[in-house]
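What the coordinates show
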Amino acid sequence: MKCPCQVMPNNNTASSVTDHSSVTNHAVTDHTMKSYANCCQPFHTGSSIPQTAEQLMRSRYSAFVLVDVPYIVATTLPAQQALLDKQAIADWAKQTDWAGLEIVKHTPKVGKRHAQVEFKAFFHADEQQDKHAQGELEQGKTILQAHHELSSFVKATNKLSDKPSNKLDGKSDNQQTQLTQWYFLDPTVSLNISQKQPCICGSGEKYKRCCGRFLD
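Attention here is on the structure that accompanies the text.

Of regular secondary structure, the protein chain possesses eight helices and seven strands. Going through the 216 residues of the protein chain one by one, you find that 42% of them count as buried. Here the protein chain displays about 12300 Å² of accessible surface, and carbon together with sulfur accounts for 47% of that area.

Structure below.
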């Protein structure tokens, strides 16, 4: 099975698609032979974590194609996860006829702990929904549209659990297990936080100087 994030429309067709615009008679092409097992599956199963924002972006796109809602939620910044509408995510992922992904630009470092990925997610539009905008379409033809977005990500450290640790002197204490990884910053989630409060990513900086730059 080819990894969903490795599939994209052919170069000629993709270059002719503008944001939320449409074309007909498109072709979808696999540009690599990278399989799902060797690409996004290890991230989805938890055996590995994305090392870059682009890897996370690709794995999230694949999760939308495969309707892996738990992964989509888990890779969103923890402070935003409880506010996500899981059913709406599942419905949208199922109803969208995905056609491929194009990474336009990956900026691996924006400030101390952030990164950005510009991408185009291609999908087949419903002919009836496009009828008013595009006019009557010929029977049997399909329409390709592109969702063009600049997504922001933050590398955050989160406490996982307390583990007992036995010292050589016979005393014991608890050690905190922590995991540092990339998370998606969802701009559609409304947060009740002031600019001067500590940032929601746990960096210790003020919100306005950290993730607030990308969410407000």
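Looking at the secondary structure, you find Asp-186 in the loop between strand 7 (172-185) and helix 8 (212-215). Within the buried core, Asp-186 has no salt-bridge partner, and the shortest N-O distance to an opposite charge, that of Arg-60, equals 5.6 Å. Of the polar contacts made by the side chain of Asp-186, one reaches the side chain of Thr-188; its length is 2.6 Å. Not counting residues up to four positions away in its chain, the partners in contact with Asp-186 are Thr-76, Gln-80, Leu-84 and Leu-215.

Moving on, we come to the pattern of salt bridges. Counted according to the given criterion, the structure contains three salt bridges. Two residues, Glu-205 and Lys-112, come together in a salt bridge whose shortest N-O distance is 3.1 Å. Of this pair, Glu-205 sits in the loop between strand 7 and helix 8 while Lys-112 sits in the loop between strand 4 (97-110) and strand 5 (114-125), placing them 93 residues apart in sequence. The exposure class of Lys-112 is exposed, given its relative accessible area of 64%. Through salt bridges with shared partners, a single network forms among Lys-112, Arg-113 and Glu-205.

Tracing the backbone shows Val-117 in strand 5. Taking relative accessible area as the criterion, Val-117 reaches 0% and is therefore assigned buried. Along the chain, Val-117 and Ser-152 lie 35 residues apart, while their C-alpha atoms are 6.6 Å from each other. Not counting residues within four places of it along the chain, the set of residues in contact with Val-117 comprises Ala-53, Glu-54, Met-57, Ile-103, Lys-105, His-106, Glu-149, Leu-150, Ser-151 and Phe-153.

Okay, the packing of aromatic side chains next. With the rule as written, the count across this model stands at five aromatic pairs. Between Tyr-61 and Trp-98, the aromatic rings sit 5.6 Å apart at their centres with planes inclined by 85 degrees, giving edge-to-face as the arrangement. Of the two residues, Tyr-61 is situated in helix 3 (residues 53-65) and Trp-98 in strand 4; the sequence distance between them amounts to 37 residues. Using a relative accessible area of 4% as the deciding quantity, one classes Tyr-61 as buried. The exposure class assigned to Trp-98 is buried, which follows from its relative accessible area of 15%. Ring centres of Phe-153 and Phe-184 lie 5.7 Å apart, and the angle between their planes is 55 degrees; on these two criteria the pair is classed as tilted. A residue pair is termed long-range when its members are at least 10 positions apart, and Phe-153 in strand 6 (residues 143-166) and Phe-184 in strand 7 qualify at 31 residues. There is no split in this pair, since Phe-153 and Phe-184 are both buried. The structure contains a cluster of three or more aromatic residues connected by ring pairs, namely Tyr-61, Phe-64, Trp-92 and Trp-98.

Relative to the helices and strands, Val-104 is located in strand 4. Residues Val-104 and His-148, spaced 44 residues apart in sequence, show a C-alpha to C-alpha distance of 9.2 Å.

Taken together, the ten bridges between strand 4 and strand 5 define a ladder with antiparallel strand orientation. Within the sheet, the bridge partner assigned to Val-110 lies in strand 5 and is His-114. Following strand 4, the chain reverses through three residues before pairing antiparallel with strand 5; Gly-111 in that reversal takes a positive phi of roughly 80 degrees.

On to unusual backbone geometry. Non-glycine residue Val-67 carries a positive phi angle of around 55 degrees. For Val-67, the position within the fold is in the loop between helix 3 and helix 4 (69-74). Overall, the relative accessible area of 27% leaves Val-67 in the partly exposed class.

On to a positive patch on the surface, then. Residues Lys-196, Lys-206, Lys-208 and Arg-209 make up a contiguous surface patch of positive charge. As for its position among the elements, Lys-208 is in the loop between strand 7 and helix 8.

Criteria and thresholds
- Residues numbered from 1 in each chain as written.
- Predicted model: local features only at pLDDT ≥ 70, side-chain atom pairs only at ≥ 80, totals over all residues.
- Heavy atoms only, no water.
- Helix = DSSP H or I, 4+ residues; strand = E, 2+ residues; numbered from the N terminus.
- Buried < 20%, exposed > 50% of the residue type's maximum accessible area, 1.4 Å probe, protein only.
- Areas by Shrake-Rupley, 256 points an atom, 1.4 Å probe, with all protein chains shown as cover.
- Lys, Arg positive; Asp, Glu negative; His and termini not counted.
- Salt bridge = Lys/Arg side-chain N within 4 Å of Asp/Glu carboxyl O.
- Polar contact = N/O pair within 3.5 Å; in protein donor to acceptor, adjacent residues only side chain to side chain.
- Contact = heavy atoms within 4.5 Å.
- Phe/Tyr/Trp six-rings, centres within 6.5 Å; stacked < 30°, edge-to-face > 60°.
- Pairing = 2+ DSSP bridges.
- Patch = residues over 30% accessible without salt bridge, like charges linked within 9 Å, V, L, I, M, F, W, Y side chains within 5 Å.
- Charge placed at Lys NZ, Arg CZ, Asp CG, Glu CD.

These figures come from the coordinates and say nothing about function on their own.
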